[in-house]
Amino acid sequence: MKLFLTRWLITTIAVAVAANLTGMQYAGPGALITVALLLGIVNALVRPVLLLLSLPFILLSLGLFILVVNALLLWFVAGLVSGFHVAGFGQAFFGALIVSIVNWSLSVFLKTGDSHLKITTCRGNPRSQTLDEQPIKPVQGRVIE
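These figures come from a predicted structure and were not determined experimentally. Residue positions are counted from 1 within each chain, in the order its sequence is given. Two thresholds apply to this predicted model, a pLDDT of at least 70 for residue-level local features and 80 or more for giving and counting side-chain atom pairs, whereas whole-chain, interface and lining totals are computed over all residues. Only hydrogens and water are set aside; all other atoms, that is, all heavy atoms of the structure, feed into the side-chain values.

Angles shown run from 0 to 180 degrees and are taken between the N-to-C directions of axes, each axis being a line fitted to C-alpha atoms and, for helices, limited to the stretch in contact. Numbered from the N terminus, helices here are DSSP runs of H or I no shorter than four residues, and strands are runs of E no shorter than two. With their axes 8 Å apart at the nearest point, helix H1 (residues 2-22) and helix H2 (residues 29-45) run at an angle of 120° to one another. As summarised for this structure, H1 and H2 are arranged oblique, according to the angle between their axes. Of the two elements, H1 crosses H2, and the hand of that crossing is right-handed. Within the contact between the two elements, H1 uses Phe4, Trp8, Thr11, Thr12, Val15 and Ala16 and H2 uses Leu32, Ile33, Val35, Ala36, Leu37 and Leu39. Each residue receives one of three labels: charged for Asp, Glu, Lys and Arg, nonpolar for Ala, Val, Leu, Ile, Met, Phe, Trp, Tyr, Cys and Pro, and polar for the others, Gly being one of them. Class assignment of the residues belonging to the contact of H1 with H2 gives a composition of 10 nonpolar, 2 polar and no charged. Should an angle fall under 35 degrees it is called roughly parallel, over 145 degrees roughly antiparallel, and 65 to 115 degrees roughly perpendicular, with every other angle called oblique. Throughout, a crossing is termed right-handed when the near helix is turned clockwise from the far one, and left-handed when it is turned anticlockwise from it by less than a right angle. Any two residues whose heavy atoms approach within 4.5 Å at even a single point are treated as in contact.

Below, the structure written as structure tokens:
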């Protein structure tokens, strides 16, 4: 639950930054919070389907068409919230780009990413130790300094 609230807050801040930089109009903080929540829901449910359907365009544009999908989703969400207005596709495009950049940078800064790397090392006789009830196999290699 804490991760969800943190992501929601980050998205709200990202939408507020994008709205102020691109000139999107919003009625108040309630509209920003609502847009952030709906944008998260739409990104979780609709975006994967749109990305799958637009895969040929994404491949032909070397991934740049994802920016168009993000802009369309922001424009769609803005149409659902009465206190939030996006003037056109160009404003939605740059707004979605700013939301993505701010969202990514805040997620890195606050370390809310979903992926992490865990390195496990073993010293001693690897045949005598177990990890999750499975014997650890020795790894052969060289150390690069």
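Next, the rest of the story.
Bringing H2 into the picture now. One less than the number of residues in a helix, times 1.5 Å, gives the span that helix is expected to have. The terminal C-alpha atoms of H2, which comprises 17 residues, lie 24 Å apart, in line with the 24 Å expected from a rise of 1.5 Å per residue. Burial classes follow relative accessibility: with a 1.4 Å probe on protein chains only, a residue under 20% of its type's maximum area counts as buried, one over 50% as exposed, and anything between as partly exposed. Taken together, the buried positions of H2 are Ala31, Leu32, Val35, Ala36, Leu39 and Val42. Angularly, the buried residues of H2 cover 135° about the axis, an arc narrow enough to put them on a single face. The exposed residues of H2 that point more than 90 degrees off its buried face are Pro29, Ala44 and Leu45. As for H2, its buried residues are in contact with H1, strand S1 (25-26), helix H3 (47-53), helix H5 (65-80), strand S2 (84-85) and helix H6 (89-110). This arc corresponds to the set of directions leading from the helix axis out to the C-beta atoms.

Once that is clear, we can look at the packing of H2 against H5. Here H2 crosses H5 at 130°, and the two axes come no closer than 10 Å. Considering the angle they form, H2 stands oblique to H5. Handedness of the H2/H5 crossing: right-handed. Touching Val35, Leu38, Leu39, Val42 and Asn43 of H2 are Leu73, Leu74, Phe76, Val77 and Leu80, all from H5. Among the residues forming the contact of H2 with H5, the class breakdown is 9 nonpolar, 1 polar and no charged.

It is worth spelling out H5 at this point. With 16 residues, H5 should cover 22 Å at 1.5 Å per step; its first-to-last C-alpha distance of 23 Å lies within 8% of that length. Among the residues of H5, those classed as buried are Val69, Asn70, Ala71, Leu73, Leu74, Val77 and Ala78. In this structure, the buried side of H5 is in contact with H2, H3, S2 and H6.

In this section: a nonpolar patch on the surface. Note that patches include only residues with greater than 30% relative accessible area and no salt bridge, and the join distances are 9 Å for like charges and 5 Å for nonpolar side chains (Val, Leu, Ile, Met, Phe, Trp, Tyr). Values of accessible area rely on a 1.4 Å probe in the Shrake-Rupley scheme; residue burial ignores everything except the protein chains shown. Just to be clear on terms, a salt bridge is a Lys or Arg side-chain nitrogen sitting within 4 Å of an Asp or Glu carboxyl oxygen. Side chains of Ile41, Leu45, Val46, Val49, Leu50 and Leu53 sit close together on the surface and give an oily, nonpolar patch of about 540 Å² of accessible area. Broken down by secondary-structure element, the contributors of at least two residues to the nonpolar patch are H2 and H3. The element best represented in the nonpolar patch is H3, accounting for 3 residues. Mapping valine 46 onto the fold places it in the loop between H2 and H3.

By the element assignment, threonine 12 lies in helix H1. Relative accessible area serves as the criterion here: at 13%, threonine 12 is assigned to the buried category. Sequence-distant contacts of threonine 12, defined by excluding residues within four places in its chain, comprise Leu32, Ile33 and Ala36.

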